[in-house]
Amino acid sequence: MKMVTTMMTTIMMLSTIIMMIATAMSKKNIEDREKSSPFECGFDPMGSARLPFSLRFFLIAIMFLVFDVEIALLLPMTIVMTSSNMMSWATISTLFIVILIIGLYHEWNQGSLEWAE
């Protein structure tokens, strides 16, 4: 047991030292105006590269991620059903789906799902 603890400590310390050395070596000290400006096929940019981003697209992306994670959590429920207590599985599944439906209703109420105004 002592050998495992010693080995784990050594590996953690070695990993930390390697990460610190890599971080110190990767620092760029030279700030060049040309290198920090946006590159547009070798030409100077026509307009500002820092255009304002539509908040609508951001909200749609966040909702997509939420529903994507929801699907990733719902799919294993069918597999777990065979190996767990049916009553606890039904309770947890129902609670999870009710929470998701409440979230969908809230987004619908707020108008987040209406793209065209």
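Note that this is a predicted model, so its numbers are computed, not measured. (Residues numbered from 1 in each chain as written. Predicted model: local features only at pLDDT ≥ 70, side-chain atom pairs only at ≥ 80, totals over all residues. Heavy atoms only, no water.)

1. Some words on the overall build of the protein
Secondary structure assignment for the protein yields four helices and zero strands. Carbon and sulfur atoms form 73% of the exposed surface of the protein, whose accessible area is close to 11,000 Å². (Helix = DSSP H or I, 4+ residues; strand = E, 2+ residues; numbered from the N terminus. Areas by Shrake-Rupley, 256 points an atom, 1.4 Å probe, with all protein chains shown as cover.)

2. Comments concerning the UniProt feature "transmembrane region" (unreviewed entry) in the protein
As annotated by UniProt and renumbered to match this structure, "transmembrane region" (unreviewed entry) occupies residues 53-75 and 87-105. Helix makes up 91% of residues 53-75 and strand 0%, and the two end C-alpha atoms of the span are 34 Å apart. As annotated, residues 87-105 has a helix share of 100% and a strand share of 0%, and its two end C-alpha atoms lie 27 Å apart. (UniProt positions renumbered as here; feature names shortened; annotations may be inferred.)

3. Some details on the packing of helix H3 (residues 55-81) against helix H4 (residues 86-110)
Packed helices, taken two at a time, are described by the angle their axes make and the gap between the axes. Look at H3 against H4: their axes get within 11 Å of each other, and the N-to-C directions meet at 165°. With respect to their mutual orientation, H3 and H4 come out roughly antiparallel. Handedness of the crossing formed by H3 with H4: left-handed. Contact with H3, carried on its side by Met63, Phe67, Glu70, Leu73, Leu74, Met77, Val80 and Met81, involves Met86, Trp89, Ser93, Phe96, Ile97, Leu100, Leu104 and Glu107 of H4 and no other residues of that element. Here the residues of the contact of H3 with H4 sort into 13 nonpolar, one polar and two charged. (Axes fitted to C-alpha atoms, helices over the stretch in contact; angles between N-to-C directions. Parallel < 35°, antiparallel > 145°, perpendicular 65-115°, else oblique. Left-handed = near helix turned anticlockwise from the far one by under 90°. Contact = heavy atoms within 4.5 Å. Nonpolar A, V, L, I, M, F, W, Y, C, P; charged D, E, K, R; others polar.)

4. A word on the confidence of the model for the protein
In the predicted model, the protein carries a mean pLDDT of 82, and the fraction of residues at 70 or more is 78%. The least confident element of the protein, judged by mean pLDDT, is helix H2 (residues 33-36) at 66; the most confident is helix H1 (residues 2-25) at 92. (pLDDT = per-residue confidence, 0-100.)

5. Observations regarding the environment of Met81
Within the secondary structure, Met81 sits in helix H3. A C-alpha to C-alpha distance of 9.8 Å links Met81 and Ser93, two positions twelve residues apart in sequence. If sequence neighbours within four positions are ignored, Met81 has contacts with Met86 and Trp89.

6. Quick look at a nonpolar patch on the surface
There is a patch of nonpolar side chains on the surface, built from Phe53, Leu55, Phe57, Phe58, Leu59, Ile60, Ile62, Phe64, Leu65, Val66 and Trp115 and spanning about 1,100 Å² of accessible area. Tracing the chain through its elements places Ile62 in helix H3. Residue Ile62 is classed as partly exposed on the basis of its relative accessible area of 37%. (Patch = residues over 30% accessible without salt bridge, like charges linked within 9 Å, V, L, I, M, F, W, Y side chains within 5 Å. Salt bridge = Lys/Arg side-chain N within 4 Å of Asp/Glu carboxyl O. Buried < 20%, exposed > 50% of the residue type's maximum accessible area, 1.4 Å probe, protein only.)

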